[in-house]
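What follows is each chain in one-letter form.
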Amino acid sequence: MSEAPRSEAPSAVPPASVVLVSGGSRGLGLAIVTDLLAAGLKVAAFARTVTPELTALGEKYPDHLHYGSVDVNDSAAGQAFVRDVENALGPIDALVNNAAIGQDSLHVHTSAEHLAEIIQTNLTSPLILTRFVLRRMLAKGLKGRIVNITSICAQRGYPGLVAYSATKGGMDAATRSLARELGGRILANAVAPGFFASEMSAVLGQTQLDQIVRRTPTGHLTEPEDVLPVVRMLLLENTNLNGQVLVIDGAASI
Ligand SMILES: NC(=O)c1ccc[n+]([C@@H]2O[C@H](COP(=O)([O-])OP(=O)(O)OC[C@H]3O[C@@H](n4cnc5c(N)ncnc54)[C@H](OP(=O)(O)O)[C@@H]3O)[C@@H](O)[C@H]2O)c1
């Protein structure tokens, strides 16, 4: 008996080679930039303020790192930066949307202006940047990868983080629809960490941190180092993961 004809499988998305990381100046973004450079990738990073740590990486990897001061909410500056990156490193084939601002205010005490700033920075601007990068990738016939850094706050409730959580849930939802829309040519996934120590989470008091640790079966807070291998996998490995939100919180939220 002859075998049923098989539809031709689309060829796999190759590992990323030039990755743009927003908010790569400190915290998780800086850790991602450092990790990808060590893995041999070409990396572009921006934030509003270029830190000494990012400058030092630029000195260590002059041919592999391109960085600059860009506000993600300034789309013209972001687009100019993308063009500069392409001139310096070659076409971008992966984007890590990591830049975001936190929140530490009850919803009833959050001004309309502050709400708009959180939504602009964490949701609207990343979508505009994604659109711009995607258009260039598709125009060049490239396959590629998108990794959105979201948060466990999109799935579980936390006081003081209403607008922030809404933006992260929005990015999770956008990730799923991007994956469908891009038809496997560009893989889109999200990584949702639990709380980790950074400037953003510095608002949490020791009592709150102790409470999270007590609720965490693995007995420790998430570290940026726990997140790095997952981001690296999504950028480099052939896994057929697409449209997923990978939670990294030691099962604190389960
Ligand atoms: N820390 C946590 O507990 C936690 C938990 C789950 C998820 N996350 C997510 O993980 C990601 C990284 O967080 P983190 O804790 O590492 O934060 P962080 O230390 O505050 O770093 C945020 C980065 O984003 C940049 N950024 C902020 N606003 C920007 C803007 N308008 N334009 C360009 N860059 C901007 C910052 O640089 P500038 O301020 O100089 O612009 C910085 O490089 C975020 O998406 C966050 O939502 C964090």
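From a predicted model like this one, the values you see are computed outputs, not experimental measurements. (Residues numbered from 1 in each chain as written. Predicted model: local features only at pLDDT ≥ 70, side-chain atom pairs only at ≥ 80, totals over all residues. Heavy atoms only, no water.)

Enquirer: Please explain the packing of helix α4 (residues 112-139) against helix α5 (residues 162-181) as it appears in this structure.
Expert: The axes of two packed helices give the description: the angle between them and the distance between them. It is at 8 Å that the axes of α4 and α5 come closest, and there the two elements cross at 20°. As the angle between them shows, α4 and α5 are arranged roughly parallel. The way α4 lies across α5 gives a crossing that is right-handed. Of the residues in α5, those in contact with L115, I118, I119, N122, L123, P126, L127, T130 and L134 of α4 are A163, Y164, T167, G170, M171, A174 and L178. Grouping the constituent residues of the contact of α4 with α5 by class yields 12 nonpolar, 4 polar and no charged. (Axes fitted to C-alpha atoms, helices over the stretch in contact; angles between N-to-C directions. Helix = DSSP H or I, 4+ residues; strand = E, 2+ residues; numbered from the N terminus. Parallel < 35°, antiparallel > 145°, perpendicular 65-115°, else oblique. Left-handed = near helix turned anticlockwise from the far one by under 90°. Contact = heavy atoms within 4.5 Å. Nonpolar A, V, L, I, M, F, W, Y, C, P; charged D, E, K, R; others polar.)

Enquirer: In this structure, what is going on with the site of the ligand? I would like to understand it.
Expert: Near the ligand lie 31 residues; those nearest to it are S25, R26, N98, Y164 and S198. Residue R48 places a side-chain N or O atom 2.8 Å away from an oxygen atom belonging to the ligand. Interatomic distance of 2.9 Å between a side-chain N/O atom of K168 and an oxygen atom of the ligand. Among the elements of the structure, α1 (27-38), β2 (42-47) and α5 are those that each provide at least two residues to the shell around the ligand. In the shell around the ligand, the residues fall into 14 nonpolar, 12 polar and 5 charged. (Near = heavy atom within 4 Å. Polar contact = N/O pair within 3.5 Å; in protein donor to acceptor, adjacent residues only side chain to side chain.)

Enquirer: Mind showing me how you'd approach the nonpolar core here?
Expert: It is characteristic of soluble globular proteins that their nonpolar side chains tend to be buried jointly. Among the nonpolar cores identified, the biggest contains 31 residues, and V19, I32, V33, L65, V191 and L235 are the most heavily contacted of them. If you list the elements that add at least two residues to this core, you get β1 (18-22), α1, β2, α2 (52-60), β4 (94-97), β5 (144-149) and α7 (224-236). Here I32 is in contact with V21, V96, I149, L228 and V231, once residues within four sequence places are set aside. Within the second largest apolar cluster, 23 residues are counted, among which are F132, L134, L178 and I186. (Core = buried A, V, L, I, M, F, W, Y, C linked by side-chain atoms within 4.5 Å. Buried < 20%, exposed > 50% of the residue type's maximum accessible area, 1.4 Å probe, protein only.)

Enquirer: I'm lost on the UniProt feature "domain: Ketoreductase" (unreviewed entry) in the protein chain in this one. Help?
Expert: Residues annotated by UniProt as "domain: Ketoreductase" (unreviewed entry) correspond here to residues 17-196. The span residues 17-196 shows a helical share of 47% and a strand share of 19%, and its end C-alpha atoms are spaced 28 Å apart. (UniProt positions renumbered as here; feature names shortened; annotations may be inferred.)

Enquirer: Please explain the pairing of strand β6 (residues 186-193) as it appears in this structure.
Expert: Taken residue by residue, a regular strand's side chains alternate between the two faces of the sheet. Burial analysis of β6 places 8 of its 8 residues in the buried class, which makes it a mostly covered element. Judged by which residues are buried, β6 turns out to be covered on both faces: I186, A188, A190 and A192 on one side and L187, N189, V191 and P193 on the other are all buried. In terms of strand pairing, β5 meets β6 through 6 bridges, oriented parallel. Across the sheet, V147 pairs through a bridge with N189, a residue of β6. In this fold, the crossover linking β5 to β6 by way of α5 has right-handed handedness. Where β6 and strand β7 (residues 245-248) come together, 4 bridges link them in parallel fashion. Pairing of A192 across the sheet is with V247, part of β7. (Pairing = 2+ DSSP bridges. Right-handed = clockwise from strand over helix to strand, strands pointing away.)

Enquirer: How do you make sense of the pattern of salt bridges when you look at a structure like this?
Expert: Oppositely charged side chains can pair when the atoms bearing their charge come close. Here the structure, examined in full by the defined rule, presents 4 salt bridges. A salt bridge links E199 to R26; the shortest N-O distance between them is 3.5 Å. Here E199, found in the loop between β6 and α6 (206-214), pairs with R26, found in the loop between β1 and α1; they are 173 residues apart in sequence, far enough to count as distant. Given a relative accessible area of 56%, E199 falls into the exposed group. Overall, the relative accessible area of 41% leaves R26 in the partly exposed class. Among the salt bridges present, the one from K140 reaches E86, with a minimum N-O distance of 3.5 Å. Of the two residues, K140 is situated in the loop between α4 and β5 and E86 in helix α3 (residues 75-89); the sequence distance between them amounts to 54 residues. On the basis of relative accessible area, K140 is assigned to the partly exposed category, the value being 41%. The class of E86 is buried, set by a relative accessible area of 14%. The structure contains a network of salt bridges with shared partners spanning E86, R136 and K140. (Salt bridge = Lys/Arg side-chain N within 4 Å of Asp/Glu carboxyl O.)

Enquirer: What should I look at first to understand the sheet that holds strand β3 (residues 65-69) in this one?
Expert: Sheet strands pair by backbone hydrogen bonding; their relative direction is either parallel or antiparallel. If you trace the 7 strands from one edge of the open sheet to the other, you get β3-β2-β1-β4-β5-β6-β7, paired in parallel fashion. Two strands lie at the open edges of the sheet, namely β3 and β7, each paired on one side alone. Between one strand axis and the next, the sheet turns by 15° as a mean value, whatever way the strands run. One ladder, built from 5 bridges, connects β2 with β3; its direction is parallel. The residue of β3 that forms the bridge with F46 is G68. Relative to β1, α1 is tilted by about 165°, and along the sheet it contacts β1, β2, β3, β4, β5 and β6. α5 contacts β4, β5, β6 and β7 of the sheet and is inclined by roughly 155° relative to β6.

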